[in-house]
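One letter stands for each residue in the lines below.
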Amino acid sequence: MSSRVAAAIDAAHADGRGALIGYLPLGFPDLQTSIDAAVALAENGADVLELGPPYSDPVMDGTVIQEATQAALAHGYRLRDTFTAVAEITRRVDVPVLVMTYWNPVLQYGVDRYADDLLAAGGAGLITPDITPEAAPEWIAASERTGLDRVFLAAPTSTDERLDLIVQNSTGFVYTVSTMGITGERAQLDAAARTLVGRLRERGVGHACVGIGISNAEQVAGVLGYADGAIVGTALVRALRDGGIDGLAQAARALAAGTIRTAN
């Protein structure tokens, strides 16, 4: 089955752009507003949406996202709300929606049931930050059956053997971690991201998109000089928190201005 996420990245390239992948936590500041925010993000430049159900122990997330997800949990977010949100978002905008989730909620819900419900809601796949391909045979089988994308993470510390495994088992794109550490805005991106993308290209990666630390149009443009997509989270969550949906839309448009490709 063809990848909707890969197709969206290819469509951006055909327009002379790199892809902008925007992250928002579901349920923040409340469920309906998070749905409206995701729609606004898609309408203001995001080629792919990355939506994060709140989790009680978000080990990969920085302070801004942690605070948002804790607020969502405090307001009563439930796992089933994920599918409600994805269904409404995909009804309103034609942009592929990936769910960025830690693995335990999927396991507790049931891997096949989760895949079926995500597919029924119109979702495009999962980004799974805390599970590796060799530990995910049930998810790989479910994604093969349903056609959902499975996005694994590659880090600057990954061995060549690990990168081979990630490239072989990822669809849509490989989430290329720009730097070691948690999510958040950084003044400068590590040169390690460029090196890592090069290593992935040597291994035949279809699409490599860089995330963690990207917070402005200049950084988006810099990443898109060598990668297929730029993933932005914290800057968008901060814009939503401080300026509501209008502030988020403005931030998204500013980031999208950095997607014009200058080299690859």
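Our structure is the block above this text.
Being a predicted model, the structure only gives us computed values, none of them experimental. (Residues numbered from 1 in each chain as written. Predicted model: local features only at pLDDT ≥ 70, side-chain atom pairs only at ≥ 80, totals over all residues. Heavy atoms only, no water.)

Draft legend 1. Just the overall build of the chain, in detail. On a plain count of helices and strands, the chain comes out with eleven helices and nine strands. Here the C-alpha atoms of the chain give a radius of gyration of 17 Å, agreeing with the 18 Å that 2.2 N^0.38 yields for 264 residues. In terms of overall dimensions, the chain has a C-alpha envelope of 45 × 40 × 30 Å along the principal axes. In the chain, which comprises 264 residues, the proportion classed as buried is 58%. The long-range share in the chain, meaning contacts at least 24 apart out of those at least 6 apart in sequence, stands at 72%. Accessible surface, the chain as shown: approximately 10400 Å² in total, 50% of it carbon and sulfur. Distance from the positive charge centre (19 side chains) to the negative charge centre (31 side chains) of the chain: 1 Å. (Helix = DSSP H or I, 4+ residues; strand = E, 2+ residues; numbered from the N terminus. Rg over C-alpha atoms; globule rule 2.2 N^0.38 Å. Buried < 20%, exposed > 50% of the residue type's maximum accessible area, 1.4 Å probe, protein only. Contact = heavy atoms within 4.5 Å. Areas by Shrake-Rupley, 256 points an atom, 1.4 Å probe, with all protein chains shown as cover. Lys, Arg positive; Asp, Glu negative; His and termini not counted. Charge placed at Lys NZ, Arg CZ, Asp CG, Glu CD.)

Draft legend 2. The arrangement of the environment of G123 in detail. Mapping G123 onto the fold places it in the loop between α6 (111–120) and β4 (125–127). Judged by relative accessible area, which is 2%, G123 ranks as buried. Separated by 26 residues in the primary sequence, G123 and D149 have C-alpha atoms spaced 9.3 Å apart. Ignoring sequence-local partners within four residues, the contact set of G123 consists of R4, V86, V97, L118 and L148.

Draft legend 3. How the structure looks around the pattern of salt bridges. This model, assessed by the stated rule, comprises 14 salt bridges. For the salt bridge of D160 with R203, the shortest nitrogen-to-oxygen distance reads 3.0 Å. Separated by 43 residues along the polypeptide, D160 in helix α8 (residues 160–169) and R203 in the loop between α9 (192–202) and β8 (208–211) bring together distant segments of the chain. A salt bridge links R203 to D164; its shortest N-O distance comes to 3.3 Å. Of this pair, R203 sits in the loop between α9 and β8 while D164 sits in helix α8; the two residues are 39 residues apart in sequence, bridging distant segments of the chain. Taking the relative accessible area as the measure of exposure, R203 reaches 22% and is therefore partly exposed. Of the residues examined, D164 reaches a relative accessible area of 30% and is grouped as partly exposed. Among the charged side chains, a network of salt bridges with common partners joins D160, D164, R199, E202 and R203. (Salt bridge = Lys/Arg side-chain N within 4 Å of Asp/Glu carboxyl O.)

Draft legend 4. Quick look at helix α7 (residues 137–146). When we look at burial in α7, the residues that qualify are W139, I140, A142, S143 and T146. Considered in projection along α7, the buried side chains sweep an arc of 165° and stay on one side of the axis. Exposed residues lying more than 90 degrees from the buried face of α7 are P137 and E144. Structurally, α7 contributes buried residues whose contacts are with α5 (103–109), α6, β4, β5 (149–151) and α8. Just past α7, the residue G147 takes up positive phi, approximately 80°. (Arc of directions from axis to C-beta.)

Draft legend 5. Highlighting the nonpolar core. The biggest cluster of nonpolar side chains holds 89 residues, and the ones touching the most others in it are L24, L49, I89, W139, F173, Y175 and L200. Counting residues per element, this core draws most heavily on helix α11 (residues 234–256), at eight residues. Beyond its immediate chain neighbours, meaning those up to four positions away, L49 contacts G22, A38, L41, A42, I89, V95, P96, V97 and L98. (Core = buried A, V, L, I, M, F, W, Y, C linked by side-chain atoms within 4.5 Å.)

Draft legend 6. Spotlight on the sheet that holds β8. On the basis of which strands lie adjacent, the open sheet formed by nine strands has the order β5-β4-β3-β2-β1-β9-β8-β7-β6 and parallel pairing. Strand pairing shows two members of the sheet lacking a second neighbour, β5 and β6 (153–154), which therefore form its edges. Two elements, β6 and strand β7 (residues 174–177), share two bridges in a ladder whose sense is parallel. If you follow L153 over to β7, its bridge partner there is Y175. In the packing of α7 onto the sheet, the strands contacted are β4 and β5, and the crossing angle to β5 comes to about 145°. (Pairing = 2+ DSSP bridges. Axes fitted to C-alpha atoms, helices over the stretch in contact; angles between N-to-C directions.)

Draft legend 7. Quick peek at the side chain of S3. Looking at the secondary structure, you find S3 in the segment before α1 (4–14). Taking relative accessible area as the criterion, S3 reaches 16% and is therefore assigned buried. In this structure the side chain of S3 is engaged in a polar contact, spanning 3.3 Å, whose partner is the backbone nitrogen of V5. A distance of 2.9 Å separates a polar atom in the side chain of S3 from the backbone nitrogen of A6. (Polar contact = N/O pair within 3.5 Å; in protein donor to acceptor, adjacent residues only side chain to side chain.)

As far as function goes, none of this settles anything; it's purely spatial.
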